[in-house]
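Residue-level listing of the chains:
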Amino acid sequence: MSFAQSARTSFLFALLTFVLSIFVAWNPAQADNYKIKVGDTLQIEVLEDTNLSRPVLVLPDGNINFPFAGTIRAAGQSVGAVQSSIVSKLSPNFNVVPNVFVSVASLAPPRPVSAPIVRTYGVYAMGEINTPGRLDIDTKENVTILQAIATAGGFTRFAATRRIELRRVDPKTGQESRYIFDYKGGRGISGATPLREGDVIVVPERRLFE
């Protein structure tokens, strides 16, 4: 790394640290004693490779998935603990220890104290989708995978729309099943497939020339 690149990296590191310190001051979710919850959305920034930076949803099993780091336990952990785990798992992919910053971008919706008039269930959207997170579905509605994607703002320009996954866990056995949805059509499940509580829609990043 040249002197200019090193200086630029140091400046960006200092700037990002300053901004995060201000953010923590008014956002209690960034405090050391805050424990991450299922349904929270984390913003993860990797200074050395901004292509890795992205919002990440805490899945119903309490884990997050991050490129080159794999599956990381998040629910019940502090922001600092998750940040350390990501650094540890990413380090073998970099010449130097990467600078990683984790913050809570949005909190999981609070559970109502009393039964609401409108009953809902949650499904989740993550990956290359414009508004990842939890979608609250009215139990009286029969929402399909295509409708849920539209509700979440549709795809980003990096989305691999032929390899969308619907992940569904059997509540009786705990066994996860994965189904492919090809938005362009041709294989896998239909866009009219109705969703169930706890379903997770995963939109992967497309590969080169895909």
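Residues numbered from 1 in each chain as written. Predicted model: local features only at pLDDT ≥ 70, side-chain atom pairs only at ≥ 80, totals over all residues. Heavy atoms only, no water.

(A) Just the pattern of salt bridges, in detail. Within the structure shown, the criterion is met by 8 salt bridges. A salt bridge links Glu165 to Arg178, with the shortest nitrogen-to-oxygen separation between them at 3.8 Å. Placement of Glu165 in strand 8 (residues 164-169) and of Arg178 in strand 9 (residues 176-181) is noted, with a sequence separation of 13 residues between them. The network of salt bridges with common partners includes Glu165, Arg167, Glu176 and Arg178. (Salt bridge = Lys/Arg side-chain N within 4 Å of Asp/Glu carboxyl O. Helix = DSSP H or I, 4+ residues; strand = E, 2+ residues; numbered from the N terminus.)

(B) Region of the structure containing the side chain of Thr161. Along the polypeptide, Thr161 turns up in the loop between helix 3 (145-151) and strand 8. Once you skip the residues sitting within four places of it in the chain, Thr161 turns out to touch Phe155, Phe181, Asp182, Tyr183 and Lys184. (Contact = heavy atoms within 4.5 Å.)

(C) Just unusual backbone geometry, in detail. One non-glycine residue with positive phi stands out, namely Phe68, at about 70°. When you line up the elements, Phe68 lands in the loop between strand 3 (63-66) and strand 4 (70-73).

(D) Representation of the pairing of strand 10 (residues 200-203) within the structure. Burial along strand 10 is two-sided: Val200 and Val202 and Ile201 and Val203, pointing in opposite directions, are all buried. Summarising the sheet, strand 6 (residues 120-127) and strand 10 pair through 4 bridges and their orientation is parallel. Within the sheet, the bridge partner assigned to Gly127 lies in strand 10 and is Val203. When strand 8 meets strand 10, the two strands line up antiparallel, connected through 3 bridges. Looking at strand 10, one finds that Glu165 is bridged to Val202. (Buried < 20%, exposed > 50% of the residue type's maximum accessible area, 1.4 Å probe, protein only. Pairing = 2+ DSSP bridges.)

(E) Representation of the side chain of Thr144 in the model. Structurally, the position occupied by Thr144 is in the loop between strand 7 (133-138) and helix 3. Assessed through its relative accessible area of 12%, Thr144 is described here as buried. Looking at Thr144, its side chain comes within polar contact range of the main-chain oxygen of Gly191, at 3.3 Å. (Polar contact = N/O pair within 3.5 Å; in protein donor to acceptor, adjacent residues only side chain to side chain.)

(F) Examining helix 2 (residues 79-90) more closely. With 12 residues, helix 2 extends 16 Å between its outermost C-alpha atoms, agreeing within 8% with the 16 Å of an ideal straight helix rising 1.5 Å per residue. Here the buried face of helix 2 lies against strand 1 (41-46), strand 3, strand 4 and strand 5 (100-106). (Expected span 1.5 Å × (residues − 1).)

(G) Here's a closer look at the packing of aromatic side chains. Applying the stated criterion to the full structure yields 1 aromatic pair. Arranged with centres 5.1 Å apart and planes meeting at 70°, the rings of Phe155 and Tyr183 form a pair that is edge-to-face. Of this pair, Phe155 sits in the loop between helix 3 and strand 8 while Tyr183 sits in the loop between strand 9 and strand 10, and the two are 28 residues apart along the sequence. (Phe/Tyr/Trp six-rings, centres within 6.5 Å; stacked < 30°, edge-to-face > 60°.)

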